[in-house]
Amino acid sequence: MSAPAAVATFGIAATPLLAQSVSPTAAPSSTMAALARQVVISNPDIAAQRHQVRIAAARLESAEAGYLPTIEANGTVQRREIDIKNGSNANDARYTAGQAGIEARLRFYDGGRTYNAVRIAKAELEATSAGLDATTSDTLLELLTSAADVHLNRKILQFSQAQSEAIGEQLRATSRRLEFGEATRTDEELARARLATAQAGVLAATEQVSVDGFRFRNVSGQSGTMVPPLPPLAPVPSSLAAAQKLALDAAPRLRAARLNAQAGKSGVKFATGALLPQLDAVSGYDYLTGGATNTFTGKYPDDRSSLYYGLELRVPIFLPRDHAEVRRARAVRDQRLSQTDIALRTVAEDVAGAWTRWQSAKSTIAAAETAVAATQEAAEGIKKEAIGGNRTLTDVLNAQNELLNARVTLERALRNEFVARASLLATTGQLDTKAILEGRCCGADTSERPAMSALGRPVLTSTEKVIANPATSPRPEMSSLGQRSDYAADDAVTAPGNPARPATSALGRKLN
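The shown structure was predicted, so the numbers you read here are calculated from the model rather than taken from an experiment.

### Description of the overall build of the chain
Right, so step 1: Counting secondary structure elements, the chain contains ten helices and six strands.
Right, so step 2: In the chain, buried positions account for 43% of the 512 residues.
Right, so step 3: Considering only intrachain contacts with a sequence separation of at least 6, the fraction spanning at least 24 residues in the chain is 81%.
Right, so step 4: About 26900 Å² of surface is accessible on the chain, with carbon and sulfur atoms providing 54% of the total.

### With respect to the side chain of Thr 375
Right, so step 1: Its location among the elements puts Thr 375 in helix α7 (residues 320–387).
Right, so step 2: Discounting chain neighbours no more than four positions away, the residues touching Thr 375 are Ala 399, Glu 402, Leu 403 and Ala 406.

### Description of the nonpolar core
Right, so step 1: The biggest cluster of nonpolar side chains holds 40 residues, and the ones touching the most others in it are Met 32, Leu 143, Leu 144, Phe 216, Phe 418, Leu 424 and Leu 431.
Right, so step 2: Of all the elements in the fold, those that place two or more residues in this core are α1 (32–42), α3 (113–179), α4 (185–220), α5 (240–250), α6 (252–273), α7 and α8 (393–427).

### Re the packing of aromatic side chains
Right, so step 1: Per the stated rule, a full pass over the model turns up one aromatic pair.
Right, so step 2: Arranged with centres 5.3 Å apart and planes meeting at 70 degrees, the rings of Trp 355 and Trp 358 form a pair that is edge-to-face. Taken together, the positions of Trp 355 and Trp 358, both in helix α7 and three residues apart, correspond to about one turn of that helix.
Right, so step 3: According to the relative accessible area criterion, Trp 358 is buried, its value standing at 10%.
Right, so step 4: Over the ring of Phe 270 we find Arg 113, and its NZ or CZ is 4.1 Å from the ring centre.
Right, so step 5: The ring of Trp 358 is capped by Lys 362, whose NZ or CZ atom sits 4.0 Å from the centre of that ring.

### Quick look at the packing of α3 against α6
Right, so step 1: For the pair α3 and α6, the least separation of the axes is 8 Å and the interaxial angle reads 165 degrees. The orientation of α3 with respect to α6, classified from their angle, is roughly antiparallel. By crossing handedness, the relation of α3 to α6 is classed as left-handed.

### Overview of the environment of Val 419
Right, so step 1: Note on placement: Val 419 falls in helix α8.
Right, so step 2: Exposure remark for Val 419: the relative accessible area of 11% places this residue in the buried category.
Right, so step 3: Along the chain, Val 419 and Leu 141 lie 278 residues apart, while their C-alpha atoms are 8.1 Å from each other.
Right, so step 4: Ignoring anything within four residues of it in the chain, the contact list for Val 419 reads Leu 141, Thr 145 and Ala 148.

### Overview of the environment of Arg 333
Right, so step 1: Inspection of the secondary structure assignment puts Arg 333 in helix α7.
Right, so step 2: A relative accessible area of 25% means that Arg 333 is categorised as partly exposed.
Right, so step 3: Separated by 72 residues in sequence, Arg 333 and Ala 261 place their C-alpha atoms 6.2 Å apart.
Right, so step 4: The contact partners of Arg 333, leaving out residues within four places of it in the chain, are Gly 264, Lys 265 and Val 268.

### Considerations on the packing of α4 against α8
Right, so step 1: Closest axis-to-axis distance for the α4/α8 pair is 10 Å, and the angle between their directions is 10 degrees. The pairing of α4 with α8 is recorded here as roughly parallel in orientation. The handedness of the crossing between α4 and α8 comes out as right-handed. Every residue of α8 that contacts α4 at Asp 187, Leu 190, Ala 191 and Arg 194 is listed here: Leu 393, Thr 394, Leu 397, Asn 398 and Asn 401.

### Focus on the confidence of the model for the chain
Right, so step 1: Averaged over every residue, the pLDDT of the chain is 78; residues scoring 70 or more account for 75%.
Right, so step 2: Below pLDDT 50 for its whole length, residues 1–25 participates in 53 contacts with residues either more than four positions away or in separate chains.
Right, so step 3: Note on residues 444–512: pLDDT under 50 across the span, and 135 contacts to partners over four residues away in sequence or across chains.

### Quick notes on the pattern of salt bridges
If charged atoms from side chains of opposite charge come close, those side chains can pair.
Right, so step 1: Enumeration according to the criterion identifies 17 salt bridges in this entry.
Right, so step 2: Close ionic contact of Arg 253 with Asp 138 constitutes a salt bridge, the shortest N to O distance being 2.5 Å. Taken together, the positions of Arg 253 in helix α6 and Asp 138 in helix α3 put the pair 115 residues apart, joining distant regions of the chain.
Right, so step 3: Residue class for Arg 253 comes out partly exposed when judged on its relative accessible area of 48%.
Right, so step 4: Residue Arg 192 pairs with Glu 189 through a salt bridge whose shortest N-O separation is 3.0 Å. Here Glu 189 and Arg 192 lie together in helix α4, a separation of three residues that amounts to about one turn.
Right, so step 5: Given the relative accessible area of 39%, Glu 189 is considered partly exposed.
Right, so step 6: Put simply, Glu 103, Arg 105, Arg 107, Asp 280 and Glu 312 are held in one network by salt bridges that share partners.

### With respect to a nonpolar patch on the surface
Right, so step 1: Together, Ile 71, Ile 102, Tyr 285, Tyr 287, Leu 307 and Tyr 309 make up an exposed nonpolar region whose accessible area comes to about 700 Å².
Right, so step 2: Mapped by element, the contributors of at least two residues to the nonpolar patch are β3 (278–289) and β4 (304–314).
Right, so step 3: Along the polypeptide, Tyr 287 turns up in strand β3.

### Concerning α8
Right, so step 1: With 35 residues, α8 extends 50 Å from end C-alpha to end C-alpha; this agrees with the ideal 51 Å at 1.5 Å per step.
Right, so step 2: Across the 35 residues that make up α8, a large majority, 26, are buried.
Right, so step 3: Count one or two residues on from α8 and you reach Gly 429, which has phi positive near 80 degrees.

### Let's talk about the environment of Arg 407
Right, so step 1: Locating Arg 407 in the fold gives a position in helix α8.
Right, so step 2: Placed 39 residues apart in sequence, Arg 407 and Ala 368 show a C-alpha to C-alpha distance of 7.7 Å.

Cut-off values and rules
- Think of each chain on its own: its residues are numbered from 1, step by step along the sequence as written.
- Given that the model is predicted, a residue must reach a pLDDT of at least 70 before its local features are reported, and side-chain atom pairs must reach 80 or more before they are shown or counted; all residues, however, enter totals for whole chains, interfaces and linings.
- The basis for the side-chain values is all heavy atoms of the structure; hydrogens and waters are excluded.
- Helical segments are the DSSP runs of H or I of at least four residues, strand segments are the runs of E of at least two, and each set is numbered from the N terminus.
- Think of it in three bands: with a 1.4 Å probe and only protein chains considered, a residue is buried below 20% of the maximum accessible area for its type, exposed above 50%, and partly exposed in between.
- Only heavy atoms enter the contact rule, under which two residues are in contact if any of them lie within 4.5 Å.
- A 1.4 Å probe and the Shrake-Rupley method give the accessible areas. Residues count as covered only by the protein chains that appear here.
- Definition used in this section: a nonpolar core is a set of buried Ala, Val, Leu, Ile, Met, Phe, Trp, Tyr and Cys residues joined via side-chain atoms within 4.5 Å.
- Each aromatic pair joins two rings of Phe, Tyr and Trp (for Trp, the six-membered one) with centres within 6.5 Å, and gets the label stacked for planes under 30 degrees apart, edge-to-face for over 60, and tilted for any other angle.
- Remark: a charge is flagged as sitting over a ring if the NZ atom of Lys or the CZ atom of Arg is within 6 Å of the ring centre and within 35 degrees of the ring normal.
- Note on geometry: axes are C-alpha line fits, over the in-contact stretch for helices, and angles between N-to-C directions span 0 to 180 degrees.
- Roughly parallel means an angle under 35 degrees; roughly antiparallel means over 145; roughly perpendicular covers 65 to 115; every other angle is labelled oblique.
- Note: crossing handedness is left-handed where the near helix turns anticlockwise from the far helix by less than a right angle, and right-handed where it turns clockwise.
- For every residue, the predictor assigns a confidence score, pLDDT, that lies between 0 and 100.
- The rule for a salt bridge is simple: a side-chain nitrogen of Lys or Arg has to be within 4 Å of a carboxyl oxygen of Asp or Glu.
- Within the patch definition used here, like charges are joined within 9 Å and nonpolar side chains (Val, Leu, Ile, Met, Phe, Trp, Tyr) within 5 Å, considering only residues with over 30% relative accessible area and no salt bridge.
- Each helix should span, by expectation, one fewer than its residue count multiplied by 1.5 Å.

Laid out in structure tokens, this is it:
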């Protein structure tokens, strides 16, 4: 499952800490599918839970060993000195006594303790495996969420930088107009204040990109400067009822709670078994040498051996500790049954919450797309009207802020829609290791969805045009807050020629 060596590149400069190289043992992944496979293998949280599964598997082997016979050998060697008091010393002697034996024991009946111990171990193994699925699902959801946040805040940073550049152009244009008496000092100070605010927004966006990059690095193990594009996700259930029904069967934490409750029920039977009779078949062989059976006379009997076999019955009569253990097991069972009810309610709430957020995000996207298109048109119109003297500088700056807010709102809605879908998959048990390995969750090929942006939804640049894929489609030279090539024919405004100055954006041309 080695990840490809290609690395997705981005235009945002990284901070020194984010630019740290990744571990030399793993090449950075350029697709989310490859990275998800790498995370499933190397993430420490998943690895710790995987070891927990191994512990549960060993516990099951230990419980199943109760069905097998046990064979035990023992031996004793003693140096003896016999000294008879108040009598003849003729038999006083020093000698070595020895004893050796081997015994085999097979349990016929133990009150069902072995049977129930195996059932407990099996249920706990399955519950631990469900816990591994839950940990994997949470980790993959965190991976997708942190990646979506990095992409979102990089977009916001781009918009903020473009906003700052546009306001800087406005400030320079206003300062020049002030020199010719066509603007007031108030206009200049207003533009300077807006520029400072925009620069503060750039700093805040840069900080958030760094924070999200560290969060991505923590879960993925690779640098936050190398975040793969977001993948298309598996289809979500068609309705809330279908999602909740699917979660009842597949939600990993609900499965784990039910299995733990099953283990608790078997635990009561296991504890009760200690109060029932126990029957063992026993067979053994002993060998005696050196007077081991005649230790006080000093006489040396001949070496001898014995073979024995039979049944051994143990009947408990008064075992207060075992009675207390039964009461403890019943309390554990009741607790786990209550935890199952809690898990059921939690899963239902998580599914409903994810579904609601998804539906809300879709509606927000539709409204935000309309708002972005309309705000772009309004901003261009206000700029033209300001050139004609029908609008003030404040109107132009406000239009820039509204356009920035509209674009940020759209990108946030795109991010929320993607994360809500991923959360819905996680809560219904579809975001697990098998989904990654089988490609049902995070596909590596995005060519099947040409109308998807980096956040998974179309990005409208006008009321009619859609960028097919922002990662590969040509972008205008200026940002979306500046000049747009698709409006060049209709919205071009001739600015006073000045070969020494660079071309200004549509929102950043100086007012004349």
